[in-house]
Amino acid sequence: MSAILAAVLLPISIALVFFYAPVDEDGLNQKIFYFHVPIALTAYACFGWGAWKGLMHLWKGKPGADLESYVAIHLGVIFGAMTLVTGSLWAKFRWGHWWLWSERQLVLFLVLFLFYSAYFMLRYSVEPGPQRANLCAVYSLFGVILIPISFLAIRLANQYIHPVAFNRHGPQMAGSQFFTFCVCLAAMLALFAALYQFELAGKRLDARLRELRELLA
Amino acid sequence: MSTEEKYVAAAYLVVFAFVLVYFLIMALKLARLEREVGELAELARKRADG
């Protein structure tokens, strides 16, 4: 279902970005915003979902929650990498720099990205079993604290040059731009849901095959 | 193509490339799983034949 939704929404979102949303005073470069921001929000959603599954593992001991947490974090890192690359491309044209260390939001997003990238080092340095699952769940929960900090960093900063598309008065854009943004966000979330189910099915199949191989050996 | 257009095209191509590479890796993994299923089926058949 999510795969169908993603397959339908992605082409629609690209068509809306290039043929419906107007080019504003920022120029054509602003078109990167429609994919960059939804990808960043999806990365937050992935990490949040991974942490939620980690909590479910620790709290209720839900079977499979550890694997679900791992897959969500894996996808979060992929979406995070896409955020950093698309953001750098936007910044190179707009600011003349690929990266600015003075920008709190960029640095905090990088910290969040590196934190969850290190999750894999932890996971693969411990033998599979309940101890690894518990450690990974706790780690995923610690990382989730960085999400609101990263998200709110730009609003807490006194001086910034990173543009603010949303503030307390709502979206700072035309209705057609906001509509395009919402479709792009829905497309990215649908893409995440589809990839999540796809990867999870592969991992479960892999685990069952391993079990079967041990039984037949 | 202007510099601005090149950056916009690059940003969208990067997203496309990421998703494409992801699917490529998943397809390779799926092929491995398919091969393993075949091997296990063969093993089970041999066991059944005695």
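Presented here is an overview of the structure given in this document. (Residues numbered from 1 in each chain as written. Chains lettered and ligands numbered in written order. Predicted model: local features only at pLDDT ≥ 70, side-chain atom pairs only at ≥ 80, totals over all residues. Heavy atoms only, no water.)

### Considering the overall build of chain B
Move 1: Scanning chain B from N- to C-terminus turns up one helix and zero strands.
Move 2: Whereas a compact globule of 50 residues would reach a radius of gyration of roughly 10 Å, chain B reaches 21 Å, over 25% beyond that.
Move 3: C-alpha atoms of chain B, sized along the principal axes, occupy 70 × 10 × 5 Å.
Move 4: In chain B, buried positions account for 28% of the 50 residues.
Move 5: Here chain B has roughly 3500 Å² of accessible surface; of this, 67% comes from carbon and sulfur atoms. (Helix = DSSP H or I, 4+ residues; strand = E, 2+ residues; numbered from the N terminus. Rg over C-alpha atoms; globule rule 2.2 N^0.38 Å. Buried < 20%, exposed > 50% of the residue type's maximum accessible area, 1.4 Å probe, protein only. Areas by Shrake-Rupley, 256 points an atom, 1.4 Å probe, with all protein chains shown as cover.)

### A closer look at the overall build of chain A
Move 1: Within chain A one finds seven helices and two strands.
Move 2: The C-alpha extent of chain A, read off along each of the three principal axes, is 65 × 40 × 30 Å.
Move 3: Residue burial in chain A is summarised as follows: out of 217 residues, 48% are buried.
Move 4: At a minimum sequence separation of 6, the contacts of chain A that also span at least 24 residues come to 74%.
Move 5: Carbon together with sulfur atoms contributes 68% to the accessible area of chain A, which is approximately 11100 Å² in total. (Contact = heavy atoms within 4.5 Å.)

### So, the interface of chain A and chain B
Move 1: Taken together, the contact between chain A and chain B spans 36 residues of the former and 24 residues of the latter.
Move 2: Across the interface of chain A and chain B, roughly 2800 Å² is buried in total on both sides, 78% from carbon and sulfur atoms.
Move 3: Viewed at the interface, chain B and chain A are joined by two salt bridges.
Move 4: Across the salt bridge formed by R213(A) and E39(B), the nearest N and O atoms sit 3.2 Å from each other. (Buried area = accessible area lost by both parts, 1.4 Å probe. Salt bridge = Lys/Arg side-chain N within 4 Å of Asp/Glu carboxyl O.)

### Points about the environment of L41(A)
Residues and elements named next belong to chain A.
Move 1: Assignment of secondary structure puts L41 in helix α2 (residues 33-60).
Move 2: In the structure, L41 is positioned 148 residues away from L189 in sequence and 8.8 Å away in space, judged by C-alpha atoms.
Move 3: Those residues in contact with L41 that sit more than four places away from it in its chain are F151, F181 and L185.

### Observations regarding a nonpolar patch on the surface
Move 1: A cluster of nonpolar side chains, L58(A), V138(A), F142(A), I145(A) and I149(A), forms an exposed patch at the surface whose accessible area comes to about 440 Å².
Move 2: Of note, I149(A) is situated in helix α6 (residues 146-156). (Patch = residues over 30% accessible without salt bridge, like charges linked within 9 Å, V, L, I, M, F, W, Y side chains within 5 Å.)

### Overview of the pattern of salt bridges
Move 1: Tallying each qualifying case throughout the model produces nine salt bridges over all chains.
Move 2: Of the charged contacts in the structure, one is a salt bridge between K62(A) and E68(A), with a shortest N-O distance of 3.6 Å.
Move 3: Taking the shortest distance from any N to any O, the salt bridge between R45(B) and E42(B) comes out at 2.9 Å. Taken together, the positions of R45(B) and E42(B), both in helix α1 (residues 3-49) and three residues apart, correspond to about one turn of that helix.
Move 4: Here the residues in one salt-bridge network are K53(A), K62(A), E68(A) and R204(A), joined through shared partners.

### What about the side chain of S69(A)?
Move 1: Here S69(A) is to be found in helix α3 (residues 65-94).
Move 2: Residue S69(A) is classed as buried on the basis of its relative accessible area, which comes to 2%.

### Focus on the side chain of R132(A)
All names here are of chain A.
Move 1: Looking at the secondary structure, you find R132 in helix α5 (residues 130-144).
Move 2: Despite being buried, R132 has no salt bridge partner; D66 is the closest side chain of opposite charge, sitting 5.2 Å away.
Move 3: In contact with R132, not counting residues within four places along its chain, are R123, Y124, V126 and E127. (Lys, Arg positive; Asp, Glu negative; His and termini not counted.)

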